[in-house]
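# Fold and contact review
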Amino acid sequence: EDDEGSVHIPVRRRKPKNRPKDTPWRQQKLPAFRPVLDARCALPLTLILGIACSIIGVFMYLSAINSLEFVQDYTGCTDMTTGMSEENGDYVPTAKIQCTFPIELKENFKGPVRFYYGLEGFYQNARLYMASRSEMQLHGHLTNTEGCSPLETRLDPDDPTADPKPIAPCGVIADSMFNDTFYLFTSDSQPVPFTARGIISEYVKRQKFANPERKDNETLCDAFKGTIRPPSWTQDACLLEAPQSVDDEERENVGTGFENIDLIVWMRAAALPKFRKIYRMLDDEHDDGLFAHGLPAGNYTLKIKYNYPTTAWKGKKFFYITADAWAGGRHFPLAIAYMVVGVFLLLVSAIFLLMCLRIRFLERKRVEAQMQ
């Protein structure tokens, strides 16, 4: 107490909260190698990377040249029997336009032979287009249409008084699914065996695509009850399957419903407006005769069931036959990109070398001046 009788209470100074300890680990004071990058240090790195990228690019370019590819543009083709054509306004969504093209392969397509369809002028990379889908619905939850705007629900045309039903599969990307069908025959009308085996891994199917659960004695269409197909589709999702002309094993490879290979391939959005997507592969494993070692050279006939319209967006459609080399198909842009990066790094290495020589020359002049 002081003279006036008041009591002094000592002030307790508190330590700062959440202050890290002053240790080399917590204060980032550990010894470390911190090189100062100059032309001498960077020269070996850029030189090695430049040589490596150039060599990889050259080999990929040579591989792309050695790979075989046949392209058939069938945009707006005309049915030779009926004379119908999409360009004449005769498009119908039930494959009544059937086009035929003679094909001549001048070389043997050995190894894995793949068949693709291609589109030009189709912008699958549009943000709203790519976002209009439901991953949960594609995994079997039919009523989950979140994110599918503007194609989430629609009225049943057979019962317009009922409430709107969820679309399955919902979304714009599923509604615009490619649905042309291709058949290839030899000159003596022997069908070329197509297969969907190996196009999509089983892991992708299990993780992202699954049909709704079915009870005992229920068909797949029973499980899809309460939903409606997209407005541009001509059949329900439960009826997506391989043609009845193929065997049971191939129908299982193609899959049905949400596990259909064509639907899975289409749902992978392309990055560029001109793209190709795999359609089928040559089934050479179950063939011991003509197609045991690939697609031999000769004359073929390509028959197409024309379903997919292109005049509305002024696009083009293609059919590809490819035989991959050791580095894959004809990836010219990737090979050119490697070579461009390699040449750029070699030019940078040359600049660094000139800088090193200049620095050495200046140091020599300085030493000579000091000696004098």
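About the cut-offs
Residues numbered from 1 in each chain as written. Predicted model: local features only at pLDDT ≥ 70, side-chain atom pairs only at ≥ 80, totals over all residues. Heavy atoms only, no water. Helix = DSSP H or I, 4+ residues; strand = E, 2+ residues; numbered from the N terminus. Rg over C-alpha atoms; globule rule 2.2 N^0.38 Å. Buried < 20%, exposed > 50% of the residue type's maximum accessible area, 1.4 Å probe, protein only. Contact = heavy atoms within 4.5 Å. Areas by Shrake-Rupley, 256 points an atom, 1.4 Å probe, with all protein chains shown as cover. Lys, Arg positive; Asp, Glu negative; His and termini not counted. Charge placed at Lys NZ, Arg CZ, Asp CG, Glu CD. Polar contact = N/O pair within 3.5 Å; in protein donor to acceptor, adjacent residues only side chain to side chain. UniProt positions renumbered as here; feature names shortened; annotations may be inferred. Expected span 1.5 Å × (residues − 1). Core = buried A, V, L, I, M, F, W, Y, C linked by side-chain atoms within 4.5 Å. Salt bridge = Lys/Arg side-chain N within 4 Å of Asp/Glu carboxyl O. Pairing = 2+ DSSP bridges. Axes fitted to C-alpha atoms, helices over the stretch in contact; angles between N-to-C directions. Phe/Tyr/Trp six-rings, centres within 6.5 Å; stacked < 30°, edge-to-face > 60°. Lys NZ or Arg CZ within 6 Å of the ring centre and 35° of its normal.

## Section: the overall build of the chain
Looking only at helices and strands, the chain features 9 helices and 12 strands. At 32 Å, the chain has a C-alpha radius of gyration far larger than the 21 Å of a compact globule built from 372 residues. The C-alpha extent of the chain, read off along each of the three principal axes, is 110 × 85 × 40 Å. Taking all 372 residues of the chain together, the buried fraction comes to 38%. Put simply, of all contacts in the chain between residues at least 6 apart along the chain, 76% involve residues at least 24 apart. Carbon and sulfur atoms provide 55% of the accessible area of the chain, an area that totals close to 23900 Å². Taken as two groups, the 44 positive and 47 negative side-chain charges of the chain have centres that lie 13 Å from each other.

## Brief notes about the environment of Asp-283
Note on placement: Asp-283 falls in the loop between strand 9 (274-282) and strand 10 (294-295). Here Arg-197 takes part through its side chain, which lies 2.8 Å from a polar atom of the side chain of Asp-283.

## Some thoughts on the UniProt feature "transmembrane region" (unreviewed entry) in the chain
The positions that UniProt labels "transmembrane region" (unreviewed entry) are, in the present scheme, residues 41-62 and 335-357. Secondary structure within residues 41-62 divides into 100% helix and 0% strand; the distance between the first and last C-alpha atoms comes to 33 Å. Split by type, residues 335-357 is 100% helix and 0% strand. Its first and last C-alpha atoms lie 33 Å apart.

## Some thoughts on helix 1 (residues 39-66)
Helix length check: helix 1, at 28 residues, gives a terminal C-alpha distance of 40 Å against a target of 40 Å (1.5 Å per residue), a fit within 8%. Here helix 1 has its buried residues at Ala-39, Ala-42, Leu-43, Thr-46, Gly-50, Cys-53, Ser-54, Gly-57, Met-60, Ser-63 and Ala-64. Those residues of helix 1 that are buried are in contact with helix 9 (332-371).

## Digging into the nonpolar core
One finds Phe-115, Leu-184, Trp-266 and Leu-295 to be the most contacted residues of the largest nonpolar core, which totals 67 residues. When residues no more than four places from it in sequence are discounted, the contact partners of Trp-266 are Tyr-117, Leu-119, Phe-122, Gln-124, Tyr-129, Ile-173, Ser-176, Met-177, Phe-178, Phe-275, Lys-277 and Tyr-308.

## Digging into the environment of Met-281
Along the chain, Met-281 falls in strand 9. Looking at Met-281, the relative accessible area reads 15%, which means it is buried. For Met-281, the residues in contact, after removing those within four places along its chain, are Val-113, Arg-114, Phe-115, Pro-193, Phe-194, Thr-195, Arg-197 and Ile-199.

## Concerning the pattern of salt bridges
Here the idea is simple: oppositely charged side chains can pair when their charged atoms come close. For the structure shown, the criterion picks out 11 salt bridges. When the shortest N-O distance is used, the salt bridge between Asp-22 and Lys-29 registers 3.9 Å. Lys-29 gets classed as exposed once you look at its relative accessible area, which sits at 56%. The partner of Asp-156 in a salt bridge is Lys-165, with the nearest N and O atoms 3.2 Å apart.

## A short note on the sheet that holds strand 2 (residues 97-105)
Hydrogen bonds between backbone groups are what pair the strands of a sheet, and the pairing can be parallel or antiparallel. Spatial strand order, 2-11-7: 3 strands in an open sheet with antiparallel pairing. Each of the sheet's edge strands pairs with one partner strand only, and the pair in question is strand 2 and strand 7 (181-186). Adjacent strand axes in the sheet meet at a mean angle of 20° when their direction is disregarded. Both strand 2 and strand 11 (residues 298-306) contribute to a ladder of 9 bridges, which runs antiparallel. Along strand 11, the bridge assignment pairs Phe-101 with Leu-302.

## Observations regarding the pairing of strand 12 (residues 316-323)
Consecutive side chains of a regular strand alternate in pointing toward one face of the sheet and then the other. With respect to burial, strand 12 is a largely interior element, 7 of its 8 residues being buried. Pairing of strand 1 (residues 68-73) with strand 12 involves 6 bridges; the strand directions are antiparallel. Paired with Gln-72 across the two strands is Phe-319, which belongs to strand 12. Bridging between strand 4 (residues 113-120) and strand 12 involves 8 bridges; their strand directions are antiparallel. Of the residues in strand 12, the one forming a bridge with Gly-118 is Phe-318.

## Considerations on the packing of aromatic side chains
Counted under the stated rule, the structure contains 19 aromatic pairs. Taking the centre distance of 6.3 Å and the plane angle of 85° together, the rings of Phe-194 and Tyr-279 count as edge-to-face. Of this pair, Phe-194 sits in strand 8 (residues 194-195) while Tyr-279 sits in strand 9, and the two are 85 residues apart along the sequence. The burial state of Phe-194 is the same as that of Tyr-279; both residues are buried. Over the ring of Phe-318 we find Lys-274; its NZ or CZ atom is 5.5 Å from the centre of that ring. The ring of Tyr-306 carries the charged tip of Lys-317 above its face, separated from the ring centre by 3.4 Å.

## Brief notes about the sheet that holds strand 1
Spatial ordering of the open sheet is given by 1-12-4-9-8, a layout of 5 strands whose pairing is antiparallel. Each end of this open sheet is capped by a strand with a single partner; those strands are strand 1 and strand 8.

## A short note on helix 9
Between the first and last C-alpha of helix 9 there are 58 Å, a value that for 40 residues agrees with the 58 Å anticipated at 1.5 Å per step. Listed as buried for helix 9 are Ala-335, Gly-342, Leu-345, Val-348, Ser-349, Phe-352 and Cys-356. On its buried face, helix 9 sits against helix 1.

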